[in-house]
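Read off the chains here:
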Amino acid sequence: MDPVAFAADLIRCPSVTPAEGGALDLLQERLTALGFQCRRMPFHAPDTDPVDNLYARLGAGQPNFVFAGHTDVVPVGDNGAWTRDPFAGEVSEGVLHGRGASDMKGAIAAFTAAVAGFLDMHGAPNGSISLLITGDEEGPAVNGTRKMLEALAADGEKFDACITGEPTNPEELGDMVKIGRRGSLNGYLTAFGVQGHTGYPHLADNAAHRMVNLLKALIDLELDAGSEHFQASTLAISTVDVGNPATNVIPGEAKAVFNIRFNDLHTSDSLEEMLRSVLDTAAGGSAHYDLKIVCSGESFLTPPGDLSEMLTEACLEVVGRRPELSTTGGTSDSRFIKDYCPVVDFGLVGKTMHKVDEQVPVADVEGLSRIYGKVLERYFGVSA
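Residues numbered from 1 in each chain as written. Predicted model: local features only at pLDDT ≥ 70, side-chain atom pairs only at ≥ 80, totals over all residues. Heavy atoms only, no water.

Chemist: What's the story with the overall build of the chain in this structure? I'm lost.
Modeler: Secondary structure summary: the chain contains nine helices and 19 strands in total. Going through the 384 residues of the chain one by one, you find that 49% of them count as buried. Taking the intrachain contacts of the chain between residues at least 6 apart in sequence as the baseline, contacts between residues at least 24 apart amount to 78%. When the accessible surface of the chain is totalled, it reaches about 16100 Å², and 50% of it is carbon and sulfur. Positive and negative charge centroids in the chain, built from 29 and 53 side chains respectively, lie 0 Å apart. (Helix = DSSP H or I, 4+ residues; strand = E, 2+ residues; numbered from the N terminus. Buried < 20%, exposed > 50% of the residue type's maximum accessible area, 1.4 Å probe, protein only. Contact = heavy atoms within 4.5 Å. Areas by Shrake-Rupley, 256 points an atom, 1.4 Å probe, with all protein chains shown as cover. Lys, Arg positive; Asp, Glu negative; His and termini not counted. Charge placed at Lys NZ, Arg CZ, Asp CG, Glu CD.)

Okay, structure coming up:
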């Protein structure tokens, strides 16, 4: 199987979240031909769009090695700003172009082709190979990987190791393996006051002033200095609003949203306790504000070990680079998978993901497929 041609075929499926766009159908067709048992897993939670997902397994025994990924892509934005049709899957001068080339149809094609190559060379593995593919990673991530894992575990499926094919490399293929991810927490903060006239501030209680004090306390809060495998946790204010169209009215309510990316020194619960203590002090009591916390994922770490070492050796063999084992950047669906088995993220170079003119070098897609293939050989104990 040619991973570049397959990646181009996947790009031609317009699977913008939450649309399936034919991408899962195409992938299922290719996997079925390789001998996989495929199971479509649609989910539809209240007040969300329905999402289709795919679980495919080759073999019935353990260990069960999993490749995870997503066929959904972000919108193209201004279509006219693209130099090529974003869903044409064109290959030109050694570069594959199109939405999803980097994030992450290229990786899906690479690990599918790696499995095909493994089967050609070695036959069925002494165990199982599975693909866990969602259509809800770029969306709210409600009807995707988390629900798939819960349903599969309830049916007795067990997973022993996983590589998620997110684009992890900053500059060149083989730069970086993500062995963990920071947690992400959003805080929705409301400050309460008493509306009044700006000419008579003593008759009012300015919610904007209260919000400024609350945000200053948050900005001054040093969460930590980092840990062995993680950089320091960060807090960023993302929006502030009083909804006040008048210049002579003191607002009675102000709202703000902040995001915390946190390391393994915290949990969302411990952070919430810390935040409420700080805000109580700054506000003069909890009656003057309201805080709602929404955590999209806890921090996690897969300590350096067999899985990261196999990837490191494969990268050295294929591209001659020893990847950095990192926990930087955003998050991925590995935040759900880590509750079921050791997981690391490794995929293509992410320079153009989500951008206009998303693209990857053909050589990188081919190289990634070879790296995945080397990992499979090491995992199942067969020689090239």
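Chemist: Where do I start with the sheet that holds strand β4 (residues 91-92) in this structure?
Modeler: Strand pairing in a sheet takes place through backbone hydrogen bonds and is either antiparallel or parallel in direction. The strand order across the open sheet built from three strands is β4-β5-β19, with neighbouring strands paired in antiparallel fashion. At either margin of the open sheet sits one strand with a lone partner, and together these are β4 and β19 (359-361). Direction of pairing for β4 relative to strand β5 (residues 95-97): antiparallel, over a ladder of two bridges. For S92, the partnering residue across the bridge sits in β5 and is V95. (Pairing = 2+ DSSP bridges.)

Chemist: Honestly, the environment of V365 in this entry has me stumped. Any pointers?
Modeler: Topologically, V365 is positioned in helix α9 (residues 362-379). Taking the C-alpha atoms as reference, V365 lies 59 Å from Q195; in sequence the two are 170 residues apart. Setting aside anything within four residues of it in sequence, one finds V365 in contact with P3, V4, L96, G106, A110, L348 and V360.

Chemist: Just checking my understanding: could you explain the pattern of salt bridges for this structure?
Modeler: Charged atoms that come close allow side chains of opposite charge to pair. Per the stated rule, a full pass over the model turns up 21 salt bridges. With its nearest N and O atoms 2.8 Å apart, the salt bridge here joins K351 to E171. With K351 in the loop between β18 (343-345) and β19 and E171 in the loop between β7 (161-164) and β8 (176-178), this residue pair connects regions lying 180 residues apart in the sequence. What makes K351 partly exposed here is its relative accessible area of 44%. The shortest N-O distance in the salt bridge between R378 and E313 comes to 3.0 Å. Pair noted here: R378 is in helix α9 and E313 is in helix α7 (residues 306-319), with a separation of 65 residues, a long-range link. (Salt bridge = Lys/Arg side-chain N within 4 Å of Asp/Glu carboxyl O.)

Chemist: I'm lost on the packing of aromatic side chains in this one. Help?
Modeler: The geometry of an aromatic ring pair is captured by the separation of the ring centres together with the interplanar angle, meaning the angle of the planes. Enumeration according to the criterion identifies eight aromatic pairs in this entry. Seen in terms of ring centroids, Y55 and F159 are 6.1 Å apart; in terms of plane orientation they differ by 90 degrees. Their pairing is edge-to-face. With Y55 in strand β2 (residues 54-58) and F159 in the loop between α4 (145-154) and β7, this residue pair connects regions lying 104 residues apart in the sequence. Its relative accessible area of 9% is what places F159 among the buried residues. (Phe/Tyr/Trp six-rings, centres within 6.5 Å; stacked < 30°, edge-to-face > 60°.)

Chemist: Please explain the side chain of H70 as it appears in this structure.
Modeler: Assignment of secondary structure puts H70 in strand β3 (residues 64-70). The exposure class of H70 is buried, given its relative accessible area of 1%. Side-chain polar atoms of H70 contact the backbone oxygen of D72, separated by 2.8 Å. A distance of 3.2 Å separates a polar atom in the side chain of H70 from a polar atom in the side chain of D103. In this view, H70 contacts D103, M104, I108, I133, T134, E137, E138 and E166; residues no more than four positions away in its chain are not counted. (Polar contact = N/O pair within 3.5 Å; in protein donor to acceptor, adjacent residues only side chain to side chain.)

Chemist: I keep staring at the sheet that holds strand β14 (residues 253-262) and nothing clicks. Help me out?
Modeler: Spatial ordering of the open sheet is given by β12-β14-β10-β15, a layout of four strands whose pairing is antiparallel. Each edge of the sheet is formed by a strand with only one pairing partner; in this case those strands are β12 (234-241) and β15 (289-297). The average undirected angle you get between the axes of adjacent strands in this sheet is 20 degrees. Inspection of the sheet shows β12 paired to β14 by seven bridges, in the antiparallel sense. Paired with L235 across the strands is I260, a residue of β14. Relative to strand β10 (residues 183-192), helix α5 (residues 207-219) is tilted by about 150 degrees, and along the sheet it contacts β10, β12, β14 and β15. (Axes fitted to C-alpha atoms, helices over the stretch in contact; angles between N-to-C directions.)

Chemist: Please clarify how the side chain of R182 should be interpreted in this entry.
Modeler: Residue placement: R182 occurs in the loop between β9 (180-181) and β10. Buried charged residue R182 carries no salt bridge. Nearest counter-charge: D224, at 9.0 Å. Among the polar contacts listed, one links the side chain of R182 to the side chain of Q231, at a separation of 3.2 Å. Among the polar contacts made by the side chain of R182, one reaches the main-chain carbonyl oxygen of G329 at a distance of 3.0 Å. Every residue in contact with R182, bar those within four places of it in the chain, is listed here: F230, Q231, T234, R261, F262, S299, T327, G329 and T331.

Chemist: Even after reading the chapter, I still don't get the environment of N248, so can you show me in this structure?
Modeler: Turning to its location among the elements, N248 is positioned in the loop between β12 and β13 (249-250). We classify N248 as partly exposed; its relative accessible area is 39%. With near-sequence residues (within four places) excluded, N248 lies in contact with G196, H197 and T198.

Chemist: What is the right way to read the state of the cysteines from this model?
Modeler: Disulfide: a covalent bond connecting the sulfur atoms of a pair of cysteines. This structure, assessed with the given rule, holds zero disulfides. Between C38, a cysteine without a disulfide, and C13, which holds the nearest cysteine sulfur, the sulfur-to-sulfur distance is 15 Å. On the accessibility criterion, C38 (25% relative accessible area) is partly exposed. As a non-bridged cysteine, C341 has C162 as the owner of its nearest cysteine sulfur, 5.2 Å distant. (Disulfide = S-S within 2.5 Å.)

Chemist: I keep staring at the pairing of β2 and nothing clicks. Help me out?
Modeler: If a strand is regular, its side chains alternate between the two faces of the sheet. Burial of β2 is extensive: five of the five residues sit out of reach of the surface. Burial along β2 is two-sided: the face carrying L54, A56 and L58 and the face carrying Y55 and R57 are both buried.

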